[in-house]
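Take a look at the letters that make up each chain.
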Amino acid sequence: MTEVVMQGEREFASVTDNQLAELRSMIGKPIRSDRPHVTELTVDAVRHYAFGIGDRNPLWSDPERAAEGRIGVPPTALLAMDKVFSGYVTGLPGIHAMYAGTSFSFERKPAIGDRLTGSAVLKELIERPSKFAGRSWQQIYEVPFHDEKGELVCTGQSYCFRIERDNAREGKKYEDIRVEWTKDQIAEIAQRYRDEEARRRGAVTRYVEDVEAGESLPPITKGPYTATTAIAYLLGWGGLYVRGHGDAFDLFERHPALGIPNELGVPEPPERVHWDADLARRVGVPGAYDYGPERVSWMGQVVTDWMGDDGFLKTLDVQVRRHNVLGELVTCDGAVSRVDPATGEIDIVLNAINQDGFESARGTATVVLPNRVTEQ
């Protein structure tokens, strides 16, 4: 049986001034990351990541392209190459971390065969008021990625909010959410997915001259979200603390505050909130919910589907705005906000909303498109 926590009793750790001072002393210093899930952008690694986010673009996975050396890399696949970039935090043991945002600034497209190494640095620690948990601390990291030659490929930033789990539970920002879908609605969602396949730009070059400010980017559908969806993402991304057997016990021995006993008394990582509704409720969320890096990748897909195979995603910045619990359906889209024909740069505003109209994520991107005149 699940232990019932009485009102006023504290089940989890609290933040102390000494812990905050120790964490602040790390600002500007290199941060040790955990082992990456992907060390080389192989054809298999890229395909697994793309399928994990439901991105069926042939540019990432077509066997014929792979045989001819024409496979591309989804830009957000870098999230599988460094754990800190994906939300692996240091300091404040036992204090829950909620992934909340990411930015990418690319010097060039990542490519098959790249062996990229992230070098994380703690950039800032900012205390912020929180409707969700009373107090929270925004923990911001900068992670430059270099290739084997030492050349900079991408500079990433990511941040989590650290919250006291007991305060989040007692705050009850979120009402109970229960989403159910009829057979007819599921059929409609299936049709949406089929329609989206036909709208992908693909190998048809999109030129900067053909784009106007205010132009809409076609929406993409994600969900309804399930525990299986989370597992699919884990297969390509790798997770933060998902370990098995002796490997898991070794992790909890090195980080005792990380393990949370399940209903059988066995320690499991806080990552369980993504498939365990009970633990999610214990940290103040009405149910198990999706991964933040996953939603960042969905927004990246909106852009890559629209810009076509010849486009270059120069920057992407995404904020995760609320929890997307099991059963929810999210629609991601965008609009062009600026066009610079001289440089080929296009600025884009990105949005994501759930089935009830609540904001799920927001973001911006800059892409560089070919110029028809200079190609002649």
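Given the structure is predicted, the values throughout are model-derived calculations rather than measurements. (Residues numbered from 1 in each chain as written. Predicted model: local features only at pLDDT ≥ 70, side-chain atom pairs only at ≥ 80, totals over all residues. Heavy atoms only, no water.)

Asker: Pulling in residues and values, what's your account of the overall build of the protein chain?
Answerer: Helix and strand content of the protein chain: 11 helices and 12 strands. For 376 residues, the compact-globule formula gives about 21 Å, and the C-alpha radius of gyration of the protein chain, at 21 Å, lands near that figure. Counting only C-alpha atoms, the protein chain reaches 70 × 55 × 40 Å along its principal axes. The contacts in the protein chain between residues at least 6 apart in sequence include a share of 74% that link residues at least 24 apart. For the protein chain, the accessible area works out to roughly 17,400 Å², and carbon and sulfur atoms hold 52% of it. Each charge class in the protein chain was averaged separately, 44 positive and 58 negative side chains, and the resulting centres sit 2 Å apart. (Helix = DSSP H or I, 4+ residues; strand = E, 2+ residues; numbered from the N terminus. Rg over C-alpha atoms; globule rule 2.2 N^0.38 Å. Contact = heavy atoms within 4.5 Å. Areas by Shrake-Rupley, 256 points an atom, 1.4 Å probe, with all protein chains shown as cover. Lys, Arg positive; Asp, Glu negative; His and termini not counted. Charge placed at Lys NZ, Arg CZ, Asp CG, Glu CD.)

Asker: Can you break down the packing of aromatic side chains residue by residue, with the values?
Answerer: Applying the stated criterion across every chain yields a total of 10 aromatic pairs. Between Phe85 and Phe145, the ring centres sit 5.4 Å apart and the planes meet at 70 degrees, which makes this aromatic pair edge-to-face. Linking Phe85 in the loop between helix H4 (63-68) and strand S1 (96-106) with Phe145 in strand S4 (residues 134-146), this pair joins segments that are 60 residues apart in sequence. Of the residues examined, Phe145 reaches a relative accessible area of 0% and is grouped as buried. On the basis of an interplanar angle of 65 degrees and a centroid distance of 4.8 Å, the ring pair of Trp237 and Tyr291 is categorised as edge-to-face. With Trp237 in helix H7 (residues 227-237) and Tyr291 in the loop between helix H9 (277-282) and helix H10 (292-307), the pair connects residues that are 54 residues apart, well separated along the chain. Trp237 gets classed as buried once you look at its relative accessible area, which sits at 2%. (Phe/Tyr/Trp six-rings, centres within 6.5 Å; stacked < 30°, edge-to-face > 60°. Buried < 20%, exposed > 50% of the residue type's maximum accessible area, 1.4 Å probe, protein only.)

Asker: Outline the nonpolar core, listing residues and values.
Answerer: If you look at soluble globular proteins, the nonpolar side chains tend to sit buried side by side. Formed by 78 residues in total, the largest nonpolar core has its most connected members in Leu79, Phe104, Trp237, Trp306, Ile346, Ile348 and Val367. By residue number, the principal contributor to this core is H10, which donates seven residues. Leu79 has contacts with Tyr49, Phe85, Ser86, Tyr99, Thr102, Phe104, Tyr233, Trp237, Pro293, Val296 and Ser297, leaving out every residue within four places of it along the chain. If you look at the next biggest cluster of nonpolar residues, it comprises 10 residues, including Met98, Val273, Ala280 and Val325. (Core = buried A, V, L, I, M, F, W, Y, C linked by side-chain atoms within 4.5 Å.)

Asker: Go over the pairing of S1 with me, naming the residues and quoting the values.
Answerer: Of all 11 residues that make up S1, nine are buried, and the element is covered over most of its length. Bridge analysis of S1 against strand S5 (residues 152-163) gives 10 bridges, and the strand direction is antiparallel. The residue of S5 that forms the bridge with Phe104 is Gly156. (Pairing = 2+ DSSP bridges.)

Asker: Which residues make up the pattern of salt bridges, and what values do they have?
Answerer: Applying the stated rule across the entire model yields 28 salt bridges. We note a salt bridge from Glu148 to Arg115, for which the minimum N-O separation is 3.9 Å. Of the two residues, Glu148 is situated in the loop between S4 and S5 and Arg115 in the loop between S1 and strand S2 (117-118); the sequence distance between them amounts to 33 residues. Among the residues examined, Glu148 registers a relative accessible area of 64% and is labelled exposed. (Salt bridge = Lys/Arg side-chain N within 4 Å of Asp/Glu carboxyl O.)

Asker: Describe the environment of Val302, listing the residues and the values that go with them.
Answerer: Note on placement: Val302 falls in helix H10. Between the C-alpha atoms of Val302 and Arg272, which are 30 residues apart in sequence, the distance is 28 Å. Residues within four places of Val302 in sequence aside, it is in contact with Leu217, Pro218, Ile220, Cys332, Asp333, Gly334 and Leu350.

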